[in-house]
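Residue strings, one per chain:
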Amino acid sequence: MIVPTRVLFEHAYGKYALGAYNINNLEQAMGLFRGNMESQAPFIIQISKGARAYTDKRMLEAIIRTADQIWPDALFAVHLDHGDEQTCYECIESGFYSSVMIDASHHPFEENVAITRRVVQAAHARGISVEAELGMLGGVEEDIKVDEKNAFLTDPDEAKLFVELTGCDSLACAIGTSHGAYKFSGSQGIHFERVAEIQKRLPGFPLVMHGSSSVPQEEVERINAAGGQLKGTKGVDPSHYLPAAKLGVCKVNIDTDGRLVWTRVHREYFRDHPSEFDLRGPGKIFMAEYAKFIASRNELLGSAGQLAAAREHAIKK
Ligand code: G3H
Ligand code: 13P
Ligand code: ZN
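Owing to the predicted nature of the structure, the values given are computational and were not obtained by experimental measurement.

S.K.: For this particular structure, what's the right way to read the overall build of the protein?
M.R.: From N to C terminus, the protein includes 13 helices and 10 strands. In terms of C-alpha radius of gyration, the protein reaches 19 Å, essentially the compact-globule figure of 20 Å for 317 residues. Taking the principal axes of the C-alpha coordinates as reference, the protein spans close to 60 × 45 × 35 Å. By the burial criterion, 54% of the 317 residues in the protein qualify as buried. Long-range pairs, those at least 24 residues apart, make up 78% of the contacts in the protein between residues at least 6 apart in sequence. Accessible area for the protein stands at about 13700 Å²; split by element, carbon and sulfur atoms hold 54% of it. Averaged over its 34 positive side-chain charges, the protein has a centre that lies 3 Å from the centre of its 42 negative ones.

S.K.: In this structure, what is going on with unusual backbone geometry? I would like to understand it.
M.R.: For residues that are not glycine, phi is negative in most cases, and the peptide bond is trans in most cases. Phi at histidine 82 takes a positive value of approximately 50°, unusual for a residue other than glycine. Position of histidine 82 relative to the elements: it lies in strand β3 (residues 76–83). A positive phi angle, near 45°, is found at valine 215, a position not held by glycine. Turning to its location among the elements, valine 215 is positioned in the loop between β9 (207–209) and α9 (217–225).

S.K.: Teacher, can you tell me more about the sheet that holds strand β1 (residues 18–22) here?
M.R.: Sheets are built from strands paired through backbone hydrogen bonds, the pairs being either parallel or antiparallel. Here we have eight strands rolled up into a closed barrel, ordered β1-β2-β3-β4-β5-β8-β9-β10, and parallel in their pairing. Across the sheet, the mean angle from the axis of one strand to that of its neighbour is 25°, orientation sign disregarded. Across the face of the sheet, helix α6 (residues 109–125) comes into contact with β4 (99–102) and β5 (129–134) while running at roughly 170° to β5.

S.K.: I tried to follow the site of ligand 2 on my own but got confused; where do I start?
M.R.: The immediate surroundings of ligand 2 are formed by 15 residues, with Asp81, Lys183, Ser213, Asp255 and Thr256 found nearest. Contact between ligand 2 and serine 212: an oxygen atom at 3.1 Å from a main-chain N or O atom of the residue. Elements supplying a minimum of two residues to the shell around ligand 2: β3 and β10 (249–254).

S.K.: So what exactly am I meant to see when it comes to the packing of helix α2 (residues 26–38) against helix α12 (residues 280–301) here?
M.R.: Packing of α2 against α12 brings their axes to within 7 Å, and their N-to-C directions diverge by 40°. When the axes of α2 and α12 are compared, the pair comes out oblique. Judged by the sense of rotation from one axis to the other, the crossing of α2 with α12 is right-handed. Listed contacts from α12 to Glu27, Gln28, Met30, Gly31, Leu32, Arg34, Gly35, Asn36 and Glu38 of α2 are Gly283, Phe286, Met287, Tyr290, Ala291, Ile294, Ala295 and Asn298. Residues that form the contact of α2 with α12 fall into these classes: eight nonpolar, six polar and three charged.

S.K.: Please explain the confidence of the model for the protein as it appears in this structure.
M.R.: Parts of the model with low pLDDT should not have their predicted coordinates read in detail. Looking at the protein, the pLDDT average stands at 95 and 95% of residues meet or exceed 70. Here strand β6 (residues 139–141) is the element of the protein with the lowest mean pLDDT, 55, and β1 is the one with the highest, 99.

S.K.: How should I be thinking about the pattern of salt bridges in this particular structure?
M.R.: Close approach of charged atoms lets side chains of opposite charge pair. If you walk through the whole model with that rule in mind, you get 20 salt bridges. Between glutamate 10 and lysine 317 there is a salt bridge; the shortest N-O distance is 3.5 Å. In this pair, glutamate 10 is assigned in helix α1 (residues 5–12) and lysine 317 in the segment after α13 (307–316), connecting sequence segments 307 residues apart. Lysine 317 gets classed as exposed once you look at its relative accessible area, which sits at 58%. Among the salt bridges present, the one from lysine 251 reaches glutamate 131, with a minimum N-O distance of 2.7 Å. Remark: glutamate 131 occurs in strand β5 and lysine 251 occurs in strand β10; sequence separation between them is 120 residues. Lysine 251 gets classed as buried once you look at its relative accessible area, which sits at 0%. Among the residues examined, glutamate 131 registers a relative accessible area of 1% and is labelled buried. Connected through salt bridges with shared partners, the residues Asp157, Glu197, Lys200 and Arg201 form a single ionic network.

What counts, and where the lines are drawn
- Residues numbered from 1 in each chain as written.
- Chains lettered and ligands numbered in written order.
- Predicted model: local features only at pLDDT ≥ 70, side-chain atom pairs only at ≥ 80, totals over all residues.
- Heavy atoms only, no water.
- Helix = DSSP H or I, 4+ residues; strand = E, 2+ residues; numbered from the N terminus.
- Rg over C-alpha atoms; globule rule 2.2 N^0.38 Å.
- Buried < 20%, exposed > 50% of the residue type's maximum accessible area, 1.4 Å probe, protein only.
- Contact = heavy atoms within 4.5 Å.
- Areas by Shrake-Rupley, 256 points an atom, 1.4 Å probe, with all protein chains shown as cover.
- Lys, Arg positive; Asp, Glu negative; His and termini not counted.
- Charge placed at Lys NZ, Arg CZ, Asp CG, Glu CD.
- Pairing = 2+ DSSP bridges.
- Axes fitted to C-alpha atoms, helices over the stretch in contact; angles between N-to-C directions.
- Near = heavy atom within 4 Å.
- Polar contact = N/O pair within 3.5 Å; in protein donor to acceptor, adjacent residues only side chain to side chain.
- Parallel < 35°, antiparallel > 145°, perpendicular 65-115°, else oblique.
- Left-handed = near helix turned anticlockwise from the far one by under 90°.
- Nonpolar A, V, L, I, M, F, W, Y, C, P; charged D, E, K, R; others polar.
- pLDDT = per-residue confidence, 0-100.
- Salt bridge = Lys/Arg side-chain N within 4 Å of Asp/Glu carboxyl O.

Quick look at the structure:
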C-alpha cells in the first residue's frame, strides 16, 4: 500500500528511521520488496531524475504498482530524490508520488527559500509533502559537484528559519555525510552534536540524512578481488543509524550500498562463470542478495518489525 510519506514519518519519529532506497530497474525493485517484507519493515522508494530517464519513467511506476499488487501487505511511500523545480512539478502532477525532494541547496539561502516555497505550494495543493535541503553535502549530487573543502554543515538557526519560511515537511541536513563510496577521510563521521542542535530548534520535525551508505569493506574487498578497483572507500558506521533516528532523523537515504551489491554479484558471477551469458543467472543472485542487504539495514535502522504497527497508524489516518 502506497501511503503519504508524512504518515510514515509520524510513526517513526524519534523511534526508528525509514530506509529510503533508490531503484532503477526490475531487479532492484524485486530485491527491495522482498527484503522489506522479510524484515517486516515500512520503507520509502526513491526515484532520482537519473532513474526516471534511465528507461522510461512510466516503466518504473508500472514496476512499483505491480509490486504493490504482488505484495499487498507492503507499506511504503514513493519519493522523488534530488528533484529540480521542473521535475518536482512533473511528479506532483503525475499523482503517483507521495513526496518530492526539491534540492535547491546549491543556491544562496534566499533563492533556496523562494524555489522551495513555490514547490511546497504546488505540492501541498495536491496533498504531497516536500523534502528540502539546506547546507551542502560533499561529493556528487546529480550533476552538481561540491568540493569537499566547501562542504558545509547545516546551520541550526538557519534551518529553523528555512522551515518557517518555506513550509517544507522535512529537511535534508548536511551533517557530515556525502554521497557515493568515498565519504570520509580519517576518523570523520556523522556530526551528532549538529543533529542534536537542529532537533533542539525543530522539535518533532522530520530530518533526513543523505549519503548514508555504509560502504561495507568486505563488499569492497570482494569487488576488488573480482577485478574491481575501488580504493580508499569509506561509509557511514551503520550502528549510527539508530542514534541518529533518536535525534529526529526519520529518513536514511541508501543507494551506493545497493550498487556495490550489484557490482560484487555481477563481477563474481562472470569471473566464476566465464562462458555464461545468461543475464538471469546473476540477476537471480542479485535479487536474493539485495533482499538480504535490505533486511540487514532495516534491522540497524530499527524499522524491521514495525510494519504491523505502522500499518495500523496509517489506517487510522
Ligand atoms: O543522491 C543521489 C542518488 O544516489 C541517486 O543517484 O542520480 O545517479 O540516480 P543517481
Ligand atoms: P549514498 O550515496 O550514501 O547511498 O546516498 C544516497 C542518497 O543520499 C540518495 O539521495
Ligand atoms: Zn542524496
